[in-house]
Amino acid sequence: MQATGQRAAVLFVADIEAMREPSPVRVVDLSPEGSLPFRCAATQLWSVDSNLNLANMDWEEFATAVDAVGVFRGFD
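Scope of this entry: the structure provided in the associated data block. Counting from 1, residues in each chain are numbered in the order their sequence is written. Side-chain atom pairs in this predicted model are given and counted only at pLDDT of 80 or more, local residue features only at pLDDT of at least 70, and totals for whole chains, interfaces and linings cover all residues. Just so you know, side-chain values use all the structure's heavy atoms and leave hydrogens and water out.

### Examining the packing of aromatic side chains
Centres within 6.5 Å make a pair out of two Phe, Tyr or Trp rings, where for Trp the six-membered ring is used; the pair is then stacked when the planes are under 30 degrees apart, edge-to-face when over 60, and tilted otherwise. The tally for this structure, following the rule as stated, stands at four aromatic pairs. Between Phe-62 and Phe-72 the ring centres are 5.1 Å apart and the planes differ by 85°, which places this aromatic pair in the edge-to-face class. Of this pair, Phe-62 sits in helix α2 (residues 59–63) while Phe-72 sits in strand β4 (residues 71–72), and the two are 10 residues apart along the sequence. Each of the two residues, Phe-62 as well as Phe-72, counts as buried. Numbered from the N terminus, helices here are DSSP runs of H or I no shorter than four residues, and strands are runs of E no shorter than two. Throughout, exposure labels follow a simple rule: accessible area from a 1.4 Å probe, protein chains only, divided by the maximum for the residue type, with under 20% read as buried, over 50% as exposed, and the rest as partly exposed.

Structure (structure tokens):
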């Protein structure tokens, strides 16, 4: 539960594409800047969620680390 006045930094969307293999979940920026969404492998959702909501990393660090098909699969 979030404290009053706080809001989530990110929304994970299990859309029609996420239901197909290999299940990349759509990641949507909820900040006022509204950066472009990207896809994320389900095994890496914890990293995106934790780091964005705690402000340890910013959106661009994840969005620019996507593979050739636009899916974040973790940092090598």
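### With respect to a negative patch on the surface
Nonpolar side chains (Val, Leu, Ile, Met, Phe, Trp, Tyr) within 5 Å and like charges within 9 Å form the patches, drawn only from residues with over 30% relative accessible area and no salt bridge. Each accessible area is a Shrake-Rupley result for a 1.4 Å probe, and residues are judged covered by the shown protein chains and nothing else. For salt bridges, the criterion is a side-chain nitrogen of Lys or Arg within 4 Å of an Asp or Glu carboxyl oxygen. This count recognises Lys and Arg as positive and Asp and Glu as negative, with His and chain-terminal groups excluded. Each charge is placed at NZ for Lys, CZ for Arg, CG for Asp and CD for Glu. A cluster of like negative charges, contributed by Glu-33, Asp-58, Glu-60 and Glu-61, occupies part of the molecular surface. The topology assignment puts Glu-60 in helix α2. Judged by relative accessible area, Glu-60 falls into the partly exposed class, the value being 42%.

### Quick notes on the nonpolar core
In this structure, Val-10, Val-25, Val-27, Phe-38, Cys-40, Leu-45, Val-48, Leu-52, Trp-59, Phe-62 and Phe-72 together form the largest nonpolar core, which totals 11 residues. Of all the secondary structure elements, the ones that give two or more residues to this core are β2 (24–29), β3 (38–41), α1 (45–53) and α2. Broken down by element, this core gets its largest block of residues, three residues, from α1. It only takes one pair of heavy atoms within 4.5 Å for two residues to be counted as in contact. Sequence-distant contacts of Phe-62, that is, excluding residues within four places in its chain, are made with Phe-38, Ser-47, Val-48, Asn-51, Leu-52, Met-57, Phe-72 and Phe-75. Within this scheme, the nonpolar core is defined by two criteria: the residues are buried Ala, Val, Leu, Ile, Met, Phe, Trp, Tyr or Cys, and they are joined through side-chain atoms within 4.5 Å.

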